[in-house]
Amino acid sequence: MFVTVSGPAGVGKSTTAAALADRLSYEHISGGDIFRTVADERGLTALELNRRAEEDDAIDRALDRRQLTIAEERDDVVLESRLAGWMAGEYADLRIWLDAPLSVRVARIADREEKSIEVAREETEARAASEAQRYLEYYDIDIGDRSIYDLSLSTARWGPDAIVDVLAKACAAYDPSADEGQVNVAVDFER
């Protein structure tokens, strides 16, 4: 089974996806880790790399194509990124969206990155606006469109263990032969 976990910054995608992959004995692949590694390699913050990506679409497109390639070539994977549900295309068996109020996400980011709430909020809002603009421009993806997701959970309502319990049960209950709601998602990388 190929599972995607998507959601905005600070929602707990990495924590949830890693724990879910561990519970399922699947490989966990983090788009955020890939993005942060690229930023570090270039001596930039994630926000700075996001800003550069506004001018150079090759940054996003290369990372996004890599997600599709992973989905095409592998199984028993939990792929996690903001666009994982879209980028995995027809290869995703189960698409999950995680969310939480902005104030919760900002507090998590501020704590994780050891910065003030104000700075974390400013950077988070700027990053979200930048990404939303690029997704729409590059692929005609409205990041606010949740129609492709099979399951959506608020990580502010339950703790990490409870969230993983729900998701693991959903994965265990999934039967491809009974699936009448598979959403065809095709991203045009050449747009």
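Owing to the predicted nature of the structure, the values given are computational and were not obtained by experimental measurement.

## Thoughts on the nonpolar core
Then, number 1: Counting 19 residues, the largest nonpolar core has F2, I29, L49 and L79 as its most contacted members.
Then, number 2: Taken together, the elements giving at least two residues each to this core come down to α2 (31-41), α3 (46-55), α4 (57-73) and β3 (77-80).
Then, number 3: Those residues within four positions of I29 in sequence are excluded, and the remaining contacts are I34, I70, R74, V77, V78, L79 and E80.

## Considerations on the layout of surface pockets
Then, number 1: Reported here for the largest pocket is a volume of approximately 630 Å³.
Then, number 2: Taken together, 34 residues line the largest pocket, and the ones lying closest to its centre are K13, S14, R36, E80 and R82.
Then, number 3: The class makeup of the residues in the lining of the largest pocket is 10 nonpolar, 12 polar and 12 charged.
Then, number 4: Quantified by volume, the second largest pocket comes out at close to 310 Å³.
Then, number 5: Elements that contribute at least two residues to the lining of the second largest pocket include exactly α2, α3, α6 (102-113) and α7 (117-139).
Then, number 6: A breakdown of the residues in the lining of the second largest pocket according to their chemical character gives 7 nonpolar, 2 polar and 9 charged.

## Some thoughts on the packing of aromatic side chains
Then, number 1: Enumeration over the complete set of coordinates arrives at 2 aromatic pairs.
Then, number 2: A centroid spacing of 5.1 Å and a plane angle of 55° characterise the contact between W97 and Y149, whose relative ring orientation is tilted. Linking W97 in strand β4 (residues 94-99) with Y149 in the loop between α7 and β5 (151-154), this pair joins segments that are 52 residues apart in sequence. Each member of the pair W97 and Y149 is classed as buried.
Then, number 3: Taking the centre distance of 6.0 Å and the plane angle of 80° together, the rings of Y138 and Y139 count as edge-to-face. Across this residue pair, the class does not change: Y138 and Y139 are buried.
Then, number 4: R61 extends its terminal NZ or CZ atom over the ring of Y138, reaching a point 4.8 Å from the ring centre.

Scoring rules and cut-offs
- Each chain carries its own residue numbering, running from 1 in the direction its sequence is written.
- Whole-chain, interface and lining totals are the exception, using all residues; otherwise, since this is a predicted model, local features are given only for residues with pLDDT of at least 70 and side-chain atom pairs are given and counted only at 80 or more.
- The side-chain numbers reported here are obtained from all heavy atoms of the structure, hydrogens and water having been left aside.
- For this analysis, a nonpolar core means a set of buried residues of the types Ala, Val, Leu, Ile, Met, Phe, Trp, Tyr and Cys, connected via side-chain atoms within 4.5 Å.
- Relative accessibility under 20% of the residue-type maximum defines a buried residue, over 50% an exposed one, and the middle range a partly exposed one, all with a 1.4 Å probe and only protein chains included.
- The helix and strand labels rest on DSSP assignments: H or I over at least four residues marks a helix, E over at least two residues marks a strand, and numbering proceeds from the N terminus.
- The criterion used for residue contact is that any of the two residues' heavy atoms lie within 4.5 Å.
- Only protein atoms enter the calculation, which uses a 1 Å grid: trapped sets of points that fit a 1.4 Å probe without letting it out are cavities, open sets showing protein on both sides within 12 Å along at least five of seven lines are pockets, and any residue with an atom within 4 Å of a point is a lining residue.
- Grid points are joined across faces, edges and corners, and a volume is the space filled by probe spheres set on the points.
- Note on residue categories: nonpolar means Ala, Val, Leu, Ile, Met, Phe, Trp, Tyr, Cys or Pro, charged means Asp, Glu, Lys or Arg, and polar means any other residue, Gly included.
- Paired rings are identified among Phe, Tyr and Trp, the last through its six-membered ring, by centres lying within 6.5 Å, and are further divided according to the angle between planes into stacked (under 30 degrees), edge-to-face (over 60) and tilted (the rest).
- Here, a charge over a ring means that NZ of Lys or CZ of Arg falls within 6 Å of the ring centre while also lying within 35 degrees of the ring normal.

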